[in-house]
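Descriptive structure summary
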Amino acid sequence: MDSVSRLTSVLTLVLSGLWHLGLTASNYNCDDPLASLLSPMAFSSSSDLTGSSSPAQLNWRMGTGGWSPADSNAQQWLQMDLGNRVEITAVATQGRYGSSDWVTSYSLMFSDTGRNWKQYKQEDSIWTFVGNMNADSVVHHKLLHSVRARFLRFVPLEWNPNGKIGMRVEVYGCSYKSDVADFDGRSSLLYRFNQKMMSTLKDVISLKFKSMQGDGVLFHGEGQRGDHITLELQKGRLALYLNLDDSKARLISSPPLATLGSLLDDQHWHSVLLERVGRQVNFTVDKHTQHFRTKGETDALDIDYELSFGGIPVPSKPGTFLKKNFHGCIENLYYNGVNIIDLAKRRKHQIYTGNVTFSCFEPQIVPITFVNSRGNYLLLPGTPQIDGLSVSFQFRTWNKDGLLLSTELSEGSGTLLLTLEGGTLRLLIKKVAGQGIEIFTGSDLNDGLWHSVSINARRTRITLTLDNEAASPAPDTSRLQIYSGNSYYFGGCPDNLTDSQCLNPIKAFQGCMRLIFIDNQPKDLISVQQGSLGNFSDLHIDLCSIKDRCLPNYCEHGGHCTQSWTAFYCNCSDTGYKGATCHDSIYEQSCEVYRHRGNMAGFFFIDSDGSGPLGPLQVYCNITEDKIWMSVQHNNTELTRVQGSDPEKPYIMTLDYGGSMEQLEALIDGSEHCEQEVAYHCRRSRLLNTPDGAPFTWWIGRSNERHPYWGGSLPGVQQCGCGLEESCLDIRHFCNCDADTDEWTNDTGFLSFKDHLPVTQIVITDTNRSNSEAAWRIGPLRCYGDRHYWNAVSFATEASYLHFPTFHGEFSADISFFFKTTALSGVFLENLGIKDFIRLEISSPSEIMFAIDVGNGPVELVVQAPTALNDNQWHYVRAERNLKETSLQVDNLPKSTRETSEEGHFRLQLNSQLFVGGTSSRQKGFLGCIRSLHLNGQKVDLEERAKVTSGVRPGCPGHCSSYGSNCHNGGKCVEKHSGYSCDCTNSPYEGPFCQKEISAVFDAGTSVTYMFQEPYPVTKNTSLSSSAIYADAAPPKETIALSFVTSQAPSLLLFLNSSSQDFLAILVCKNGSLQVRYQLGKEESHVFTIDVKNLANRRMHHVKISREGRELSIQTLGLDPEVARANALGFVGCLSSVQYNHIAPLKAALRHASTAPVTVRGSLAESSCGSMVDTDMNAVTTVHSSSDPFGKTDEREPLTNAVRSDSAVIGGVIAVVTFITFCIIGIMTRFLYQHKQSHRTNQMKEKEYPENLDSSFRNDIDLQNTVSECKREYFI
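Here the structure is a predicted model, which is why all the values come from computation and not from measurement.

1. Notes on the pairing of strand β20 (residues 288–293)
Pairing of strand β19 (residues 280–285) with β20, which is carried by six bridges, proceeds in the antiparallel orientation. Each bridged residue has a counterpart across the sheet, and for F283 the counterpart in β20 is Q290. Hairpin remark: β19 followed by β20, antiparallel, with two residues in the connecting loop; positive phi at D286, about 55°.

Right under this line is the structure:
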């Protein structure tokens, strides 16, 4: 396998070198001057100042001293005929001698025939050459890509504003020789082998071709056992079919292995290179290459008898072909080093030539390009008053809409309109009287392919033909006499015409046309260009400048590319990415970031490299208060038994994690700690043997290496965990299983060396002896910690900076980070090129600027914040540049965006070091902190670089100053080196941000008693009563909060009392209103009733009571049904979020029952939040209790009937928290729900108390008086 890989690499390098040597201008000494030897007749131009052709060679001083056109405008050009096809490697220009006429910028066009020109491009854009600054100096340009052509045209773009266009030129290069064959669509070449079958392990096929046809077979070979290779033009693209299997897959039924190229039917030369070594294939068309492997098990291509070029002849049927033949020219055709065309020209016996000629026939077809979607048009004359009409032409475009043809018909027969609407052809003939004819045909005609259109009207019969398929209107609408028009407007209308002369209801056409016939007469478009026929505006005549903007596809991550004439668009659906080019991941890069966004535990997609090439992977994020664990499951996490394996027949299980190894490695490398639990249960099945012996079991890690150590041990040590701890069953062995006992035992532990994880395979070889058996289990991959999200550095001086390798973002670049500072300005980041650069800075206290230059001039984007950004708080910055747009985002402020120009330079080419926190000039440096820096999704380790850089410190304290507000409900922000955490000790809530409610269902008889020391040690005189303490000290404060859901009233929600006569009670009255009663000292008690609605309505209600001295404030909040259902954190049927000042008794009972001073009586069950609001009683009973939590009560039954408890459990109370001066007892209990039968049998009189009710409690509050007073106390 390695030798094949090396052979592939060597062959590819050699072939690539030969290929580029033959196709580029790197040939030595190919720099001879070519124009200086030409005669004056070789020069021609759009016009000439002298009225005749002027010589325009470099340094020409005679006559007019060079070329100047009659008028200096954008339609002028200078052309030379080099006599034969030559290789052109460089050009040079001067101004016109002795004048102020020179050209400051120009473009080049080339052609083999003087027709159908092609524009010179670099970076996939029409290239603009810098011209002269005076008339005499010579400006020389070496072409990045050499050109092979006979005709070369200079097109001035800009010239001296104080003069005119003037040029003297030179062209450099050398002669070019080639072997050419012309195929007429019915011909082919057959290359016959010397033996019956040719079997090859490697193949190299190279050629160049040109064609006006979008379909045709270039070459084909096949074997009787199913092998075949075919290269075929299909709709202007090249499809490669290759099969190395011996299966009988046929060419006609199988899909192509690869498709490359676009618009290859443009009658220009295109190069093809096919390299194969075994199943590895490199397929190149022009500058675009695909690398892939063929399917199958064999490496040889077996072809019988012959290879055919130009078609697939049918055996025993001369002149018959299986598929459409190639129509065009092929040049320099080589098969495995054999020059096929040279053999054919020399009529060698290996070659059979059928109707092939050895010179390239060039059809004299003149295409035109409509450039502008507003003002372009082509006016051609017709023959008026002819009875009938005939117009035909071909067009190609990417736009869905556009005017193709408009003409005013003669004899008042109306207006003819041919438009492209939504990719469909529409013919409309409008009569003055209102009658008309309308025909629709075709679909998706904006596919970039050539389509032929013909309109014919004779004797009231109208036919619209599209691609040789005719369409006619309905019979009852076709009785219209039509006469040919005088003027035919193609592509658009001039601005100065009325609708009757030229009607354009939609935008002008952008695209190409050719082969225009009017009244069966071809129109000479060169005469139009010379001004002797018709008229035009914004046209390129004699070239079709269509461009496939989806090749290459700049939509990333599998985004689907579509295009118009001027732009491409990306559909990012189902990719997991977003943005103009599908560059930005919609997922976060770690569980830590999801936690910071406020998410709870669950399954999430993690995209470790963000906008990088790796796709997202689904993991489980266990977001807790301590560590955020990320788990990746594999396909076999259950305990698996193994028997019958030995070294000859080992048991092998491969683990699949649902993602690539690159994705898993990125997850592991970005985490602080990773582990996998491994367990081996054994009975007479050895695990690792002795440290010096061959292991019986091993596992494979990420690098496909064997690892003979087990969980709990260290890498490189052939032991188990018990071996390191010296706790194995047999001290002579280092694993429990190696004791080889008849009893079941196990070795279990964690593998935590990240460079070896994850476990990808386990191999077991010792379960084939008598009574030998094993069972293994490998747990999921678990990791915690994000090494990069909190990776931060502090810049102490303006001269300090960090430097990194050059940032590479040629086509798309994104930069994101957090910063905090108190400085007024400073540069975050800078990277320079020769001309290009990229820079991010805080330019003023409230302004962030992103500046970038890709060669078209700098672009600056600014985001202005409404408040200062130098507030020493963390702020987020993200800048992105792609081929569609440049954008800058700061925090959640509106994004600043600017569209990228579709033309000009588009590669960002940088070559210096990347400076972070400063610039190459060491000026305008940044003072402050930067963290979590990402470049194109790649994480930059700032802290590691800062450790070896003076003036920069790893880390940046003060996270709580920015993120402390994320700790809710009394949670306290705790500063950490890598981030922060929320301490929820004094909060009734829990979770990473103290937002998760703690709630519980209380069964009948359940209570919670919380005992704690006096929380207010305000005096040393403990003999004083609480009222005395209150009198001498600051006014006491209480804050009480709880949530409840109930359907039973009356009931007591909460009761507070001390050893003095102070108390506070919260009740739900019989009518469902909320009542608060309190008394301080010996004064009279106060009663407040909130009677806004019935609170015993099975809805969540929240109560918060704050008392400071004698002032009491009450807040209640009830949620309507829709909000209650959405608020899944609510408490249903049980207490939720109970808090008295800084004490959370319910949380202590549920979370710290063994350590907190809390006593639980009865069954206390933690409840689920969203399931109990407005549920039916059967569901509640089934899930939570054997009694009916929301059962209907007899409204006539006195509250005392519900109070059946001893003194420790207060009956009829949801929760009671009793605070005593020195030892305060908090008692909470749910409704003591009872079956209706017990209610009926235990019904008592209204004023009767249960015998076991505590007497002090009876004296403190008369519950029946409370119920009866609900309607007569004052309300708030």
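2. Some details on the pairing of strand β14 (residues 216–222)
Extensive coverage of β14 is indicated by the burial of six of its seven residues. Both β14 and strand β15 (residues 228–234) contribute to a ladder of six bridges, which runs antiparallel. The residue bridging G216 from the neighbouring strand is L233, located in β15. Connecting β14 to the next strand, β15, in antiparallel fashion are five residues, including G226 with a positive phi near 115°. Sheet topology places β14 next to strand β21 (residues 301–309); two bridges connect them, and they run antiparallel. Along β21, the bridge assignment pairs F219 with F309.

3. Here's the deal with the side chain of T575
Structurally, T575 is set in the loop between β41 (568–571) and β42 (577–578). The exposure class assigned to T575 is buried, which follows from its relative accessible area of 14%. Reaching out from T575, the side chain makes a polar contact with the backbone nitrogen of Y577 at a distance of 3.1 Å. Other than its neighbours up to four places away in sequence, T575 contacts H557, G558 and G559.

4. Some details on the packing of aromatic side chains
Inspection of every chain in the model, using the stated rule, returns 36 aromatic pairs. Ring centres of F209 and F326 lie 6.1 Å apart, and the angle between their planes is 85°; on these two criteria the pair is classed as edge-to-face. On the criterion of sequence distance, the pair formed by F209 in strand β13 (residues 202–211) and F326 in the loop between β21 and β22 (327–335) is long-range, its members being 117 residues apart. According to the relative accessible area criterion, F326 is buried, its value standing at 0%. Within the aromatic cluster, the residues linked to one another by ring pairs are Y789, W790, F818, Y876, Y963 and Y980. Seen from the ring of W698, R706 lies directly overhead, with NZ or CZ sitting 3.9 Å from the centre.

5. Description of the environment of K324
Residue position: K324 is located in the loop between β21 and β22. Sequence separation between K324 and Q234 is 90 residues, and the spatial gap between their C-alpha atoms is 9.9 Å. The residues contacting K324, other than those within four sequence positions of it, are Q213, D215, G216 and V217.

6. What about the nonpolar core?
Ranked by size, the top nonpolar core spans 42 residues in total, and within it Y680, W710 and W776 carry the most contacts. With 41 residues, the next largest nonpolar core counts L464, Y488, I518 and L539 among its residues.

7. Side note on a negative patch on the surface
Taken together, the side chains of D444, D447, D467 and E469 make up a negatively charged region of the molecular surface. Position of D444 among the secondary structure elements: in the loop between β31 (436–441) and β32 (451–458). What makes D444 exposed here is its relative accessible area of 55%.

8. Details of the sheet that holds strand β53 (residues 761–764)
Within the open sheet, the four strands sit side by side as β48-β53-β50-β51. Their pairing is antiparallel. Each of the sheet's edge strands pairs with one partner strand only, and the pair in question is β48 (651–654) and β51 (706–707). Sheet topology places strand β50 (residues 697–700) next to β53; four bridges connect them, and they run antiparallel. Each residue of the ladder has a partner; that of W698, found in β53, is V763.

9. A closer look at the state of the cysteines
Enumeration over the complete set of coordinates arrives at 16 disulfides. A sulfur-sulfur separation of 2.0 Å characterises the disulfide bridge that pairs C674 with C783. As the torsion about the S-S bond is roughly 110°, the C674-C783 disulfide counts as right-handed. Placement of the pair is C674 in strand β49 (residues 671–683) and C783 in strand β55 (residues 781–786), with a sequence separation of 109 residues. Take C674 and C783: they sit in the same class, and that class is buried.

10. Topic: the sheet that holds strand β60 (residues 837–844)
With antiparallel pairing, six strands are arranged side by side in an open sheet as β57-β66-β59-β60-β61-β62. Looking at strand neighbours, the two that pair on one side only are β57 (802–804) and β62 (859–864), the edges of this open sheet. The mean inter-strand angle of the sheet, taken between neighbouring strand axes irrespective of direction, is 15°. Pairing of strand β61 (residues 847–853) with β62 involves six bridges; the strand directions are antiparallel. Along β62, the bridge assignment pairs I852 with V859.

Rules of the game
Counting of residues starts from 1 at the beginning of each chain's written sequence and follows it residue by residue. Local features in a predicted model are, by the rule used here, given only for residues with pLDDT of at least 70; side-chain atom pairs are given and counted only at 80 or more, and totals for whole chains, interfaces and linings are based on all residues. Note that water and hydrogens are dropped before the side-chain values are worked out from all heavy atoms of the structure. Here, a strand pair is defined by DSSP locating no fewer than two bridges between the strands. Helix and strand definitions follow DSSP, with helices as H or I runs of at least four residues and strands as E runs of at least two, each counted in order from the N terminus. Working definition: with a 1.4 Å probe on protein chains only, accessible area under 20% of the residue-type maximum means buried, over 50% means exposed, and in between means partly exposed. Pairs of N or O atoms within 3.5 Å make up the polar contacts considered here, provided that, within protein, one atom can donate a hydrogen while the other can accept it, and that residues adjacent in sequence are counted only when both atoms are side-chain atoms. Residue contacts are defined here by distance: any two heavy atoms, one from each residue, within 4.5 Å place the two residues in contact. Stacked, edge-to-face and tilted are the three classes for Phe, Tyr and Trp ring pairs, Trp counted by its six-membered ring, which pair at centre distances within 6.5 Å; planes under 30 degrees apart are stacked, over 60 edge-to-face, the rest tilted. Note on criteria: charge over ring means Lys NZ or Arg CZ within 6 Å of the ring centre, with the direction from the centre no more than 35 degrees off the ring normal. Definition used in this section: a nonpolar core is a set of buried Ala, Val, Leu, Ile, Met, Phe, Trp, Tyr and Cys residues joined via side-chain atoms within 4.5 Å. Each patch is built from residues that are more than 30% exposed by relative accessible area and take part in no salt bridge. Like charges join if they lie within 9 Å; nonpolar side chains (Val, Leu, Ile, Met, Phe, Trp, Tyr) join within 5 Å. To be clear on the numbers: accessible area is Shrake-Rupley with a 1.4 Å probe, and residue cover counts the displayed protein chains and nothing else. Any carboxyl oxygen of Asp or Glu that lies within 4 Å of a side-chain nitrogen of Lys or Arg is treated as forming a salt bridge with it. We score Asp and Glu as negative and Lys and Arg as positive, and we do not count His or the chain ends. Charge coordinates come from a single atom per side chain, which is NZ of Lys, CZ of Arg, CG of Asp or CD of Glu. A pair of cysteine sulfur atoms is labelled a disulfide when the two atoms are within 2.5 Å. Think of each axis as a best-fit line through the C-alpha atoms, taken over the contacting stretch in the case of a helix, with angles from 0 to 180 degrees between the N-to-C directions.

Everything listed here is a matter of coordinates, which is why it stays silent on function.
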